[in-house]
Amino acid sequence: MAAFALAGRLRAGETVFSGWCMMGSPIVAETIAREGFAAVVLDAQHGLWDTAGLVAGIGAVHHAGSTAMVRVPLNDFALVSRALDFGAEAIIAPMINNTNDARQFASAAKYPPLGERSFGPPRATMLQGQMPATDYLPAANTGTLTLAMIETPEALANAEAIAATPGIDALFIGPYDLSTSLSAGKAQDINAPEVDRAIDTICAAALKASKIPGIYCRDAGRALDMVKRGFRFVTVGSDFSLVRESVAASLKTLAVARGGTKDAF
Ligand code: 3PY
Ligand code: MG
C-alpha cells in the first residue's frame, strides 16, 4: 500500500467510500478492508476500541491494502497525534463547533508551521516507508488528513470559518447528532428538511474553502445519493449494522422457508 494514498486520491478530486468499525476488533476491520474499501474508520468515540486494539487494527487495515482512519473521542486531542503515530492516515474529530476547536484539532495533527504535532512516529514511518525526518514532516502534513465533524447548530453557523482554518482538510457531517441538536433533542430524523438543508450548506462551505466534503451514511443507497449532492468522502454503514442486518436477513430467509416466524427454529 503506497503511503498517504487516501490523501492523494482525495486531494486529486476523487470520491472515496470507507468502511466504519465500532466493534473494536482488528480482525473485523481487516475483513472489511479486504473486501475492497479504500479506507476504514476505527471509531474510538462511540466504538469499543482500546489503545492496543487501535495499534493492531491500524496495522491490519494497512496490511490489507486499505487506509486506516481513527475517529477520536470528544476533545481528545492527545489521541489525535497518538493515532497518527500509530500509522492512521486520517483523523476524524467530533463536535468541532468553532474556529478555536478547529485550531486545536489542526495543531495536534499537523507539524510546524501548520501546527504543533510532537515528533515521534516510529510505527507510522514503518508502515508508510522509512524516510528522514526532514522528508517525513512535510509529507505527513499533506499526506494525513484532518476531518472536522459538523454536527451542531453552532458548527453549522461556523462551517465556512471551520473549513477555512489552516490545517483542516475536510468537513465531515454527523447527520444523527446534527438531527438531534437541530431538533433540540426531539427527533433523530436524518431526512428532516432542516437536516437536509444543513447537509447542502455544509457541503458548500467545504467546497468554498477548497476542502473535502464528507458525510457518514448508514447504507450504500444513501452514500450514492450523497455523492450526487457533491460529497467526496463517504462512509457506508458500520460493522455492527452490517453484522446485524446480515444475520437478520438469514433468519428471515430461514423463517420464511419454515413457514413461520423466528420462533420456528
Ligand atoms: C453522527 O451522525 O452524529 C455521527 O457521529 C456518525 O457517526
Ligand atoms: Mg456524532
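Note: the structure precedes this text.
**Student:** I'd like to hear about the sheet that holds strand S5 (residues 145-150), residue by residue, with values.
**Tutor:** Taken together, eight strands build a closed barrel; the order of strands is S1-S2-S3-S4-S5-S6-S7-S8 and the barrel is parallel. Shown here is a sheet whose adjacent strand axes are inclined to one another by a mean of 25°, direction ignored. Pairing between S5 and strand S6 (residues 170-173): four bridges, direction parallel. Paired with Ile150 across the strands is Ile173, a residue of S6.

**Student:** Quick rundown of the packing of helix H2 (residues 26-34) against helix H3 (residues 51-63)? Include the residues and the values.
**Tutor:** Direction vectors running N to C along H2 and H3 enclose 20°, while the axes themselves pass 8 Å from each other. Taken together, H2 and H3 sit at an angle that is classed as roughly parallel. The chirality of how H2 crosses H3 is right-handed. Taken together, the residues of H3 that come into contact with H2 (itself represented by Pro26, Ala29, Glu30, Ala33 and Arg34) are Gly53, Ala56, Gly57, Ala60, Val61 and His63. Here the contact of H2 with H3 is built from residues that sort into six nonpolar, three polar and two charged.

**Student:** Can you explain the packing of helix H4 (residues 77-86) against helix H5 (residues 99-109)? Please cite residues and give values.
**Tutor:** Interaxial distance between H4 and H5 falls to 8 Å at its minimum, and their mutual angle equals 30°. Overall, the two elements H4 and H5 adopt an arrangement that is roughly parallel. Judged by the twist between their axes, the crossing of H4 over H5 is right-handed. On H5, the residues that touch Phe77, Val80, Ser81 and Leu84 of H4 are Asp101, Gln104, Phe105, Ala108 and Ala109. Along the lines of polarity and charge, the residues of the contact of H4 with H5 split into six nonpolar, two polar and one charged.

Definitions and cut-offs
- Residues numbered from 1 in each chain as written.
- Chains lettered and ligands numbered in written order.
- Predicted model: local features only at pLDDT ≥ 70, side-chain atom pairs only at ≥ 80, totals over all residues.
- Heavy atoms only, no water.
- Pairing = 2+ DSSP bridges.
- Helix = DSSP H or I, 4+ residues; strand = E, 2+ residues; numbered from the N terminus.
- Axes fitted to C-alpha atoms, helices over the stretch in contact; angles between N-to-C directions.
- Parallel < 35°, antiparallel > 145°, perpendicular 65-115°, else oblique.
- Left-handed = near helix turned anticlockwise from the far one by under 90°.
- Contact = heavy atoms within 4.5 Å.
- Nonpolar A, V, L, I, M, F, W, Y, C, P; charged D, E, K, R; others polar.

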